[in-house]
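Each chain is listed here by its residues.
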Amino acid sequence: MVFLKKQNPTLKRPSSSTPPFPPPKIPKSTAANAPPNDVVGAPAADEMVKILAEAGCTLINPSGPPCVPSDPHKFRRQLQHLFSFSDNAPVLRSNFLAGLSSYILSQKNFRRILAPSKSEGFGSSSESLVRHLLLVPSLQIDLQNMLLEKLPEYFHVYPECSGTSLSLEDDVARLIINHFRWLDFIVDPNAFTDKLMQVLSICPLHLKKEIIGSLPEIIGDQNNKTVISSLEQMLEDDSAIVVPVLDSFSNLHLDDQLQEQVITIALSCIRTIDVEHMPFLLRFLLISATPTNVGRIISKIREQLKFVGLSNSQAMQQRKLKGKSQVDSSEVEILDALRTSLRFKNMLCQEILKELSSVQKPQDHKVIDIWLLILIYMNGESLQKRVETMFKKKSVEDCFQEAMFDQCICGHRELVRDYFPSFISLSEYMLGCKEQKARKFGIHMYITQFEEFSDSYSRQEVLGSLVTLVGSGVGYTVSSALETMGFLASKFARELIPLSSHISGILDYLEGFNVENLHKVYEVFSQLALFARSSTDSYRSSFANELLMIVRKQVGHPDLKFKKMGLIGALKIVSCLGDANNVSCPSLSPKSNSEEALELLKMSLESCKQFPLSLVMFYDELTELMNTKTLHPTIFEWVGNHVGEFESMFLADLDGGQLPVKESNCGLEGELWMNLDGDISPICLNIFALVSSSSQSTSLQVLPANFLLLSAIERLTNQGSLGGIDALLGCPLHLPSSKYFFGAGWKSLTGKQKQVLCLSLYYAANWIRELLNAFCTQVAGGFQFTSQATKVETITKLLKRLRNLVFLESLLNYSVEKCSLSLPELHLYLDHSGSSMSNQPHHARHVEKKNEPKKTNDNTFSDNKRTHKKLSRASKNSDSDDKLRQPKIKDVLRKSGVIKSQDEPENSSDLSSKSRSSESSEQHPYDSSDPVVEISAVAKSLEAQRSKFRHLLVQCFSLLTFSNSQDSCCSDPAAEIPLFLYLLRDLHHKLDYFTLSSKLFFARCSTAPIGFTRMTLDGFLTEIKPVFPSLKRHLDTAVSLLKEGDETCQEHWKTQSASAANPDIPIFALSKSVVSTLVFKEILHCFREITNIPDSQMDKAILSCFLDAFQPVKIPDNFLSGMQLNLPPGTLEHLYIGVYSFVEGVLNEACSFSFMLASESLFTLESIVTSLRKLLDKLKEGNGNQMRLGFTQRALPILCIKLGTSAEKLLRQRWDTENLENSWRNKGEIVQKILRVYLENNDSTSALLDDIACSIMPQALSCRSIEEEEDDHGFPTLTSATFIVWYRVLHEQNLSVLNRVVKSVSLLGKHRAGAQHETVEELLVKLQQSVNVVVSLASLCRNSDKVTVHAMAVKYGGKFVDSFLKVFDFLRAQFEGHRESVIQMVKELQKATRTIQTLCSEAKGLKQTAITSKIPATKRSMERFLFHVKALLHTTSSGCTFWMGNLKHKDLMGQVVSSQAYMDDQDDDGLENPTEAANENSPVSVASEDDGETEL
């Protein structure tokens, strides 16, 4: 069989030509039956023998085949002459053929003349007699037909049935076909081809394959079209002949049309061909690829190739058990065919990458795509980068999914083995990507390869690659590599133990890891240690002992860095050894796993007692462990007994709600603050005494973490309830007397005393933060283990505690401002190396871990309950009104009124025993020299140290849903809104943390608090989902308060503050307008943060819930005009329309009282439109509902127009400049954003730019007063203070419009079918408008002496010219039809270039570096423009001429000035249009030498 390979052209028979002899007629056979032997008796046969003998051939040769003359050419010439030129030639030829036909009726005779004959005189073998006769032109046609008719007589011979293949001499059928090969000529190629194809159609399969494979050698190139058509028909009937057909196609010399036909035939076979033939087909297709058909070939192969990965998981398991199957062998050959073809044709690789880039929909990707990329990746380094980028892009876009990779690897071990290094290399790249999805896919790739390749070598390679990535030093790469190891350790611990030496080296580099990575490292080794302790192998048990030894050394190290590593390792080991659910790995050591864990826990605690920060970290990590693992009862009991010491350390007993003995510390008096339980409170938090004591002051650093652990133990013991320690929620705080915090009291203090006061407030604030964290779990979500009355009481106290927190932090900020103090740290950062997060105050930094109740044994904590006896409520039957009644919060005058000190301090009304600090204010009256503190202002002094505070859990946001304003004396929400502002700021910070770009991922992880990075964005949004409706409610409240003004009940704030037992310190004031403005801003900022989250990171249900929370009561009817709203309510598109309507209403309201808030509303509308645009793009990419797609396509342009109208409203409105802070001086950035929104969301941006630049801007520049600015041009926001901002935005937008025109011009030239393009006239109009804008903006420099304006004119002018050069091909093509427009456009642009030239010259003389740095690039652009204009006029040959001359050195006003270096500066361009002058028979107008300028 001839295999698929190109035939050597030197062996190819040259094209035969028809000899000069006329073809004879085919005679009819006269013989009826074959003679019984080889003796010829018939007269015709005798005559045939006689003719041969006369020509020198002995037919009857007893010793063998016939003997032919030694000169075969002479022999053939004699026969040809005899049968063509003799007198009775036709008769002789007819008799000869008849004799030959009767002679070969005997199979023996037939074999004799087919066998190689002997040459007379030499005895050597030569060609057979039949071969010689076939080369006689007059006999060839008849003899060909005779042989082909004899061929069916030998169809019954099947070589494969005989057990051994027959030789060529024994196989008559093959011998006949062999005689047709390489003939010197063919007399009638068409007839012979037709006859051969007829016989071929009835041949058996083995002979058919033989003939088809020999067709190029038999027929040659004379009748390729017929051959191809016949073979195509045969392929349709029998696909088993595909290999010889392809072989034949490969050896035929085909023209382009036939080659394309052959490719089409081959492509049609991909679906039907047997898998064992697929490698031949692929090799043929890829070798035959040309630049014109390669795209079609690759596309069809991707679409129709049935490849690996199509079997289900059950089949994969069976394949694993049975070993390599026949399908596997075929798949190996398929991959080999693809790989070799791609290696030798780089064009194929390029086309595959191009094809994959064009595939966008995930459902259109297949397993073969991954294999194609791997094959290209193997072939060379030149394309590896592109393959890596492509693979990453497809994984990030969810086009390559984990299931597809599983189909590539799972069950195909032998198939993948040769490509294993490439898979490992690609996995390394994926794990090193910044995109989280790419790293997740890389993790799956590693795990799948480790699982599939069970041999030691392959697994060592996987681990070695991971260890290399761990040592890369790139934060996200290290984190992902360790996460991969964690998965492997949890699933393949038994297999990893023998390979532990390959990863144990990681323990030598622990100091380079942050805390999150340390968790992952020790998670890996703890899993291995757990398995090792249950093994009888001495090597495995020694591994566990070595790990314990390392951890003990680290825990006992005095350096905090190493102690931190040891604590993490110790608690990770405890989580594995002490897990109550882990019974599959019993310990074979003398100590049980739980005993070893408890001993390690005790040792860790003992080593941390002298280091507060270490102890804080120990408690935090242990709390996290308790919330995520169910520990052994002995460990749980020990932890419960330890936290039972909380009362003796931090609490003091009260007698009737008062301290038994009033003692002074550090010369300061103390008092009880914030007593929510009144006289029935049995305990207080003894902060003042602990701060004053030098020996115990550091214990307060541990207080919040200790209480966090205590609350966790309480919840785990009591099914989630904190009823056993609820007395801590309302107990008072023992702090220094409030009289010391203002006035003369503060001035009388020493530096140390001031520090005591500040530290007391600091610890008190963090104590309340942890109270909120703990007890918010009792009211958040669906907590069911408490009564409704208890829940209401808890909510009331939580709101009061939140008010206490706001008060304490405001007072602390005020005190720290007057007393510079570095606050102690209350938790350990991820990267604690002496640097804190003070430079990033806006990052959320806390562990949001949802606390869920867990059931434990009731008797494990029974002894500890007695210790907490005093922590429970002292009385259950106290007056409920005293506990639940909340007076209405009173408001104060506006901040401006308070600053003028026109109001006298007001005495507090009847206060209960909960607040007993009012006497101090009478003893030390308010000093008017003390500044008044706005309670809602940002605590700037604390923000610098905010990272040191304990952080609020996500459950605390549930307080946004509660309100007690209905119990107040009047419904004034301004008294409560500062509390919600505090929570909104924290929500703002946490959203900022999650929405940081991927570039800041490592910096974010290295500065976050312990455990916070474990919460995902989806998890965070799910937790705050119940808060969404409350955000709208608070926004409505803020808008209402801003509309009402400051007229409200003045007692509310003080009344509510007194109800929360805040001391009466008269330095605080509340401005309702200020706090409402801040709430307004915070809510809209959070709105924008959530709507701008990428679709890939936000769940659709969460987005729908969020948008539904901001729906208006009713969408105005006129708002929906033109949208054809045919979608039911509740769909995502409908929600977008509703939320836009709501925010637009808010903007309209804000326009009546605040420019800043109106601008915030506008930016929120922009975020809604942007989010809707992303939704439209997603609908276009997928097979979305056509109704939804159509509605979104109609609604989006309408919303854009509305957005532009809203922006115009803000720009044209006359704002009260008295209410603007610093007038317009600090509003430039806001005005810039508004103007950009206005310009980008307009029907015709280019026309609008033309109008503003040519009409509005010159008027604004000529105005000399504010009144003139407002009256002349109608844009009050365009003032002298904002002129530069407008100038920059107009330049940027004009450049953007020009770039869009450039793209439109390129699309116009492609003429894509079905695409709607702008007409030539529209494009020319837009180009002219853009030129008008840049000319007008450049001319404004003549009336402005600001260097910034000149610098922008030079910079953006050069960029404009550079972009304008890209449309010159378009202008050249349209010059004949729009000559006047094009010339006018270039003339106008010349005005701008001259102005820019003048600006450059002046800047050089005045050494204005702000401009000179931009001159080189601008000059180059204008020089290119000069020669483009020259080329345009030269190539069009329209009668226009181009002239360059010298310009006088003039200033911006046109006055000639002397030049230092040169007399003249070269002009950038000049145009001359003599057509009009020529029509008037006048000469061309050219500038004179004195003037030096061109007259245009």
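Going by the structure above, here's the rest.
Residues numbered from 1 in each chain as written. Predicted model: local features only at pLDDT ≥ 70, side-chain atom pairs only at ≥ 80, totals over all residues. Heavy atoms only, no water.

K.L.:
It is not clear to me how helix 60 (residues 1347–1364) should be interpreted in this structure. Could you clarify?
P.N.:
Because an α-helix completes one turn every 3.6 residues, residues spaced three or four positions apart along the sequence face the same direction. The first and last C-alpha atoms of helix 60 sit 25 Å apart over 18 residues, in line with the 26 Å expected at 1.5 Å per residue. In terms of burial, helix 60 is a largely internal element, 13 of the 18 residues being buried. (Helix = DSSP H or I, 4+ residues; strand = E, 2+ residues; numbered from the N terminus. Expected span 1.5 Å × (residues − 1). Buried < 20%, exposed > 50% of the residue type's maximum accessible area, 1.4 Å probe, protein only.)

K.L.:
Where do I start with the packing of helix 1 (residues 43–54) against helix 3 (residues 89–103) in this structure?
P.N.:
When two helices pack together, their arrangement is given by the angle between the helix axes and by the axis-to-axis distance. At a minimum axis separation of 7 Å, helix 1 and helix 3 run at an interaxial angle of 110°. When the interaxial angle is binned, helix 1 and helix 3 end up roughly perpendicular. Residues Ala-44, Ala-45, Glu-47, Met-48, Ile-51 and Leu-52 of helix 1 touch helix 3, and the partners they reach there are Leu-92, Asn-95, Phe-96, Ala-98, Gly-99, Leu-100, Ser-102 and Tyr-103. Taken together, the residues of the contact of helix 1 with helix 3 sort by class into 10 nonpolar, 3 polar and 1 charged. (Axes fitted to C-alpha atoms, helices over the stretch in contact; angles between N-to-C directions. Parallel < 35°, antiparallel > 145°, perpendicular 65-115°, else oblique. Contact = heavy atoms within 4.5 Å. Nonpolar A, V, L, I, M, F, W, Y, C, P; charged D, E, K, R; others polar.)

K.L.:
Is there a simple way to explain the packing of aromatic side chains in this structure?
P.N.:
For any pair of aromatic rings, the description rests on two quantities: the centre-to-centre distance and the angle between the ring planes. Applying the stated rule across the entire model yields 33 aromatic pairs. Judged by centre distance (4.8 Å) and plane angle (55°), the rings of Phe-420 and Phe-453 are tilted. With Phe-420 in helix 22 (residues 420–431) and Phe-453 in the loop between helix 23 (436–452) and helix 24 (456–470), the pair connects residues that are 33 residues apart, well separated along the chain. With a centroid separation of 5.7 Å and an interplanar angle of 90°, the aromatic rings of Phe-1364 and Phe-1368 are classed as edge-to-face. In this structure Phe-1368 comes out as buried when scored by relative accessible area, which is 1%. (Phe/Tyr/Trp six-rings, centres within 6.5 Å; stacked < 30°, edge-to-face > 60°.)

K.L.:
Explanation requested: the side chain of Arg-985 in the structure shown.
P.N.:
Mapped onto the elements, Arg-985 comes out in helix 45 (residues 977–994). Here Arg-985 occupies a buried position and makes no salt bridge, while the nearest side chain of opposite charge, Glu-1082, is found at 4.4 Å. Arg-985 has contacts with Ser-936, Ala-937, Val-938, Leu-1078 and Glu-1082, leaving out every residue within four places of it along the chain. (Lys, Arg positive; Asp, Glu negative; His and termini not counted. Salt bridge = Lys/Arg side-chain N within 4 Å of Asp/Glu carboxyl O.)

K.L.:
Sorry, what's going on with the packing of helix 45 against helix 47 (residues 1017–1024) here?
P.N.:
Look at helix 45 against helix 47: their axes get within 10 Å of each other, and the N-to-C directions meet at 155°. As judged from the angle between their axes, helix 45 and helix 47 are roughly antiparallel. In this structure, helix 45 meets helix 47 at a crossing whose hand is left-handed. Two secondary-structure elements touch here, helix 45 through Leu-987, Lys-990, Leu-991 and Phe-994 and helix 47 through Leu-1017, Phe-1020, Leu-1021 and Ile-1024. Residues that form the contact of helix 45 with helix 47 fall into these classes: 7 nonpolar, no polar and 1 charged. (Left-handed = near helix turned anticlockwise from the far one by under 90°.)

K.L.:
Before we go on, may I ask you to explain helix 35 (residues 699–717) in this structure?
P.N.:
Between its first and last C-alpha atoms helix 35 spans 26 Å; for 19 residues at 1.5 Å apiece the expected length is 27 Å, and the two agree. Along helix 35, the sharpest kink reaches roughly 30°, centred on Ala-705. Burial of helix 35 is extensive: 19 of the 19 residues sit out of reach of the surface. Looking one or two residues beyond helix 35, the residue adopting positive phi is Gln-719, at roughly 55°. (Bend = angle between axes of the 7 residues up to and from the residue.)

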